[in-house]
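Topology and contacts: notes
Listed below are the residues making up each chain.
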Amino acid sequence: KDLPVYCETDLNNDQTKSYGIRDGRWKLILGPDKKIELFDLRDDPGELNPVEGMHPETVEMLSRLIDAYRQEDNLPVLKFDEKAKEELRTLGYFY
């Protein structure tokens, strides 16, 4: 089994921080407004239809994983130069 993939973004300050985790077919996003979205990537690879209401146990499991990763001190950090940020911005990742 592949390991979960964890990510967090902090575009300007803690007010815009988002967290995400992908584990197998599931992807959970915790937005800066504490909004939770769960996607079933097997059935919805375009991430158009959140399903958190139908899978509360998966939301709970992935939320616990996010909390565990947030406690880690030695996670690798990716830094983006301005060109990369602009390319990601055109894809909707940076605002």
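Scroll up to find the structure.
Source: prediction; values computed, not measured.

About the criteria used
Residues numbered from 1 in each chain as written. Predicted model: local features only at pLDDT ≥ 70, side-chain atom pairs only at ≥ 80, totals over all residues. Heavy atoms only, no water. Helix = DSSP H or I, 4+ residues; strand = E, 2+ residues; numbered from the N terminus. Buried < 20%, exposed > 50% of the residue type's maximum accessible area, 1.4 Å probe, protein only. Contact = heavy atoms within 4.5 Å. Areas by Shrake-Rupley, 256 points an atom, 1.4 Å probe, with all protein chains shown as cover. Lys, Arg positive; Asp, Glu negative; His and termini not counted. Charge placed at Lys NZ, Arg CZ, Asp CG, Glu CD. Salt bridge = Lys/Arg side-chain N within 4 Å of Asp/Glu carboxyl O.

1. Re the overall build of the chain
Counting secondary structure elements, the chain contains two helices and four strands. Starting at the N terminus and walking to the C terminus, you meet the elements of the chain as β-β-β-β-α-α. Here the C-alpha coordinates of the chain stretch approximately 40 × 30 × 30 Å along the principal axes. Counting over 95 residues, the chain shows a buried share of 24%. Counting contacts in the chain only where the partners sit at least 6 residues apart, residues at least 24 apart contribute 26% of the total. Accessible area for the chain stands at about 7300 Å²; split by element, carbon and sulfur atoms hold 52% of it. Within the chain, the 21 negative side-chain charges are centred at a point lying 1 Å from the centre of the 14 positive side-chain charges.

2. Quick notes on the pattern of salt bridges
All chains considered together, the criterion is met by 10 salt bridges. In this structure, a network of salt bridges that share partners links the residues Arg 25, Asp 40, Arg 42 and Asp 43.

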